[in-house]
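So you can see what is in the structure, the chains are spelled out below.
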Amino acid sequence: MKSKFVKFFKYLIVTLLTLLVIFMLSHQIVYWQQKPNSREGTIGANAMVVSAHPLASEIGNKILKQGGNAYDAAIAVNFALAVVYQQAGNIGGGGFMVHRQTDGSVGSIDFREKAPIAAHQDMYLDEKGDVISGLSQEGHLAVGVPGTVDGMVQIHSKFATMNWADLVAPAIDLAEKGFKLTSQGAVSLNSSYGSFEDNNHKEITVLAQDKWEEGNHITFPDLANTLKLISINGREGFYGGSVADKIVAEMIKSDGLITHEDLNRYSAVWREAIETSYKGHKVITMPLPSSGGVSLVQLLKGAEQIDMAQWDHNSTSHIHYMTELQRRAYADRAEWLGDPDFVEVDVARLTSPDYIQNRNSDIDAQNKTDSQDIKPGAVSTIESFETTHFSIVDKWRNAVSITTTLNGMFGSKVVVDGAGFFLNNEMDDFSVKAGVANQFGLVGNEKNSIQPEKRMLSSMSPTILEKDGELFMVVGSPGGSTIITVVYQSISNVIDYGMSMQEAVDAKKTHSQWLPDVVVLEKGSTNLSTLGNLISKGHIPIPWPMFPFGLGRVNAILVKDDGSLEGAADDRAEDNFAAGH
Ligand code: GLY
């Protein structure tokens, strides 16, 4: 008996060590924990914009200097990103805004895309019921009915103070007169060249050169004309008239589903924001159809109940408990969450402290819990994390947190012929078949199945925090399924670990999402001893597969004790930029 045990024990040690060595060698990653350098972000006494592109942040800052409020700036930044950051900034996609007004009232608007009326549950399956690879991810059939323009129009009519045309004008200018590509912008265009060719019938601007370089001057005349129509006609400039005709014509060319009726019927929805608390801070976040808010509440409440701050940052216990919380939150996500206009979701229960305590009560300090019911093949490759987030605070302390997306990088890769903008591939955020993973490796079930006019589940988590009744933080990130865990860590890094906003953003992150049953480690998040300890608890650590890109691209703002604003742009994406005054 004893010798059997010793043999087993030896076998275990050898297996673990072999795994560790293979793991390190195959990914050429030296595990050496990096603590964030002590630093602050950009400081502004009055107002701050942090977005994915310097030109967009500067435009927002200029609007704020001219006396516009955070909502005015948000509209201008959104349209500017649709020109200078087309991999995710958009008019052909959708997103969410969480906002807090100077008087403390809060809310959210959902301008998420919808499934076309002609969509149906099995539209991406072959005769045998198997998923047709790529159909929900690229090309015309992947496109959901865009929501961004209606979202911006509705934000404008409710909260803005400046003329609509004045807020669209900077974007028109950029598209018409052009701008210089950044290195990141050139790399993104070059990496998608083949897909642009495959999915477009005609020569489009982004195909004008087969290799783009930093500093190339690029103009978008068709997009400028579309923006002019939006500027003059508002909602009708996009959902009606010649732009709508061009969208529908584009669909007809390649068996896409969006019709004039889809466009006419689209409407963004104002929704009550989810509110919770974390260690005395009020947290205001996005409700369904984003899973972000529900899951973030589950993580924060679970962390509060455990008191995460008792462990050193990114120590074994810290990562172990975070991973265990994440595992449960993502399992709930897959099981219960979907568009609340179509399916019953008991959000109150899923976010109640009692439920969360009970849900996490089987976390074992020593051993990882196995993710149950792992289905073979549930691990998909991770294609892209090209959503974008921007945070804005104005001098009155109105705060806007917007995450918006085409889903994958440049969405479906389809440009509307003659209208010059990319269409999303958001249909892939539905569960195209129960139990089969999407591009982010996320699985789902009936709750997130495709139905006509239903909104696909999202992970986008635009969030705002208050401390002592005053604005404290505005935060969010792109990153598909990783958004929720990255936003959670950014909040916790400030509140639990006393980091500045910039340090919290810089700090190396980890991620787990139930399926696949692994914990993803960003380079520099652990040292060898922590890695060994995690393995001995049963975890399967893997390096962040998008290396050399980092995990998350958080753009956040913190109100400091002296009332000034710290804008933290995540330099994991080199164009992220904070502009304030
Ligand atoms: N398309 C990414 C998300 O909505 O979460």
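Above: the structure in question.
Described below are features of the structure shown in this document. Note that the structure is predicted; figures quoted are calculated from it, not measured.

Looking at the site of the ligand
- Surrounding the ligand, one finds Arg112, Thr387, Asn407, Glu426, Asp429, Phe440, Ser458, Ser459 and Met460.
- Within the side chain of aspartate 429, a nitrogen or oxygen atom sits 2.7 Å from a nitrogen atom of the ligand.
- Serine 459 places a polar main-chain atom, nitrogen or oxygen, 2.7 Å from an oxygen atom of the ligand.
- Compared with its free state, where it exposes 200 Å², the ligand has 99% of that area covered by protein.
- Residues that form the shell around the ligand fall into these classes: two nonpolar, four polar and three charged.

Overview of a nonpolar patch on the surface
- A surface patch of nonpolar side chains, about 440 Å² in accessible area, is lined by Phe8, Phe9, Tyr11 and Leu12.
- Along the chain, phenylalanine 8 turns up in helix 1 (residues 2-27).

Brief notes about helix 3 (residues 70-84)
- Along its 15 residues, helix 3 runs 20 Å from first to last C-alpha, staying within 8% of the 21 Å computed at 1.5 Å per residue.
- With 15 of 15 residues buried, helix 3 is to be regarded as a mostly interior element.
- The backbone nitrogen of tyrosine 71 lies 3.0 Å from a side-chain oxygen of the residue at the head of helix 3, namely asparagine 69.

Overview of the packing of helix 3 against helix 5 (residues 164-177)
- Look at helix 3 against helix 5: their axes get within 8 Å of each other, and the N-to-C directions meet at 20 degrees. Classed by the angle they form, the pair helix 3 and helix 5 counts as roughly parallel. Like other packed secondary-structure pairs, helix 3 and helix 5 cross with a definite hand, here right-handed. Mapping the contact onto sequence places Asp72, Ile75, Ala76, Phe79, Ala80, Val83 and Val84 in helix 3 and Trp164, Leu167, Val168, Ala171, Leu174 and Ala175 in helix 5.
- Split into classes, the residues belonging to the contact of helix 3 with helix 5 amount to 12 nonpolar, no polar and one charged.

Some details on the nonpolar core
- Counting residues in each nonpolar core, the largest one holds 81 residues, and the members touching the most others are Phe79, Val83, Ile91, Leu227, Ile392 and Phe421.
- Counting residues per element, this core draws most heavily on helix 3, at 13 residues.
- The contact partners of phenylalanine 79, leaving out residues within four places of it in the chain, are Ile91, Met152, Trp164, Val168, Ala171, Leu227 and Ile230.
- Listed in part, the 66 residues of the second largest apolar core include Phe96, Val393, Ile484 and Met501.

Concerning a negative patch on the surface
- On the surface, Glu197, Asp198, Glu203 and Asp210 cluster together into a negatively charged patch.
- In this fold, glutamate 203 is placed in the loop between helix 7 (193-199) and strand 6 (217-218).
- By relative accessible area, which is 61% here, glutamate 203 ends up exposed.

Looking at helix 10 (residues 241-253)
- Between its first and last C-alpha, helix 10 extends 19 Å over 13 residues, near the 18 Å set by a 1.5 Å rise per residue.
- Those residues of helix 10 that sit buried are Val243, Ala244, Ile247, Val248, Glu250 and Met251. Looking down the long axis of helix 10, one finds its buried residues gathered within 155 degrees of arc, a one-sided arrangement.
- Along its buried surface, helix 10 packs onto helix 8 (221-233), helix 9 (236-239) and helix 11 (260-265).

Overview of the sheet that holds strand 2 (residues 48-51)
- The sheet built from seven strands is open, its strands ordered 7-4-3-11-10-2-19 with antiparallel pairing. The open sheet terminates on both sides in strands that have one partner only, identified here as strand 7 (269-271) and strand 19 (577-580). Strand-to-strand twist across the sheet, computed as the mean angle between neighbouring axes with direction ignored, equals 15 degrees.
- Bridge count between strand 2 and strand 19: four bridges; the pairing is antiparallel. The partner of valine 49 across the bridge, within strand 19, is alanine 579.
- Running at roughly 155 degrees to strand 10 (residues 387-393), helix 3 makes contact with strand 2, strand 3 (94-100), strand 10 and strand 11 (399-405) of the sheet.
- Sheet strands in contact with helix 4 (residues 148-159) are strand 3, strand 4 (106-111), strand 7 and strand 11, and its direction is about 150 degrees off that of strand 4.

Quick notes on the rules
- Throughout this description, residue numbers start from 1 for each chain and increase along the sequence as written.
- Where local features are concerned, this predicted model is filtered to residues with pLDDT of at least 70; where side-chain atom pairs are given and counted, the filter is 80 or more; whole-chain, interface and lining totals use all residues.
- Note that the side-chain values use all heavy atoms of the structure and ignore hydrogens as well as water.
- Throughout this document, a residue counts as near a molecule or strand when at least one of its heavy atoms sits within 4 Å of that molecule or strand.
- Two N or O atoms count as a polar contact when they lie within 3.5 Å, although within protein this holds only if one can serve as hydrogen donor and the other as acceptor, and sequence-adjacent residues are included solely when both atoms are side-chain atoms.
- Note on areas: Shrake-Rupley, 1.4 Å probe, and residue coverage restricted to the protein chains presented here.
- When residues are grouped by polarity, Ala, Val, Leu, Ile, Met, Phe, Trp, Tyr, Cys and Pro land in nonpolar, Asp, Glu, Lys and Arg in charged, and all others, Gly among them, in polar.
- Like charges are joined within 9 Å and nonpolar side chains (Val, Leu, Ile, Met, Phe, Trp, Tyr) within 5 Å, but only among residues with over 30% relative accessible area and no salt bridge; these make up the patches.
- A side-chain nitrogen of Lys or Arg and a carboxyl oxygen of Asp or Glu constitute a salt bridge if their distance falls within 4 Å.
- A run of DSSP states H or I qualifies as a helix once it reaches four residues; a run of E qualifies as a strand once it reaches two. Both are numbered from the N-terminal end.
- Helix span is expected to be 1.5 Å times the residue number reduced by one.
- Note on exposure labels: buried denotes an accessible area under 20% of the residue type's maximum, exposed denotes more than 50%, and partly exposed covers the range between, all computed with a 1.4 Å probe on protein chains only.
- Lines are fitted to the C-alpha atoms to define the axes, a helix being fitted only along its stretch in contact, and any angle between axes, read from their N-to-C directions, falls within 0 to 180 degrees.
- Roughly parallel here means an angle under 35 degrees, roughly antiparallel means over 145, roughly perpendicular means 65 to 115, and every remaining angle is called oblique.
- Put simply, a crossing is left-handed when the front helix is turned counterclockwise from the back one by less than a right angle, and right-handed when it is turned clockwise.
- Here, residues are in contact when the closest pair of their heavy atoms is within 4.5 Å.
- Here, nonpolar core means buried Ala, Val, Leu, Ile, Met, Phe, Trp, Tyr and Cys residues that are tied together by side-chain atoms lying within 4.5 Å of each other.
- Lys and Arg are tallied as positive, Asp and Glu as negative. Neither His nor the chain termini are counted.
- Each charge is placed at NZ for Lys, CZ for Arg, CG for Asp and CD for Glu.
- Along the arc lie the directions from the helix axis toward the C-beta atoms.
- Any two strands with at least two DSSP bridges between them are considered paired.

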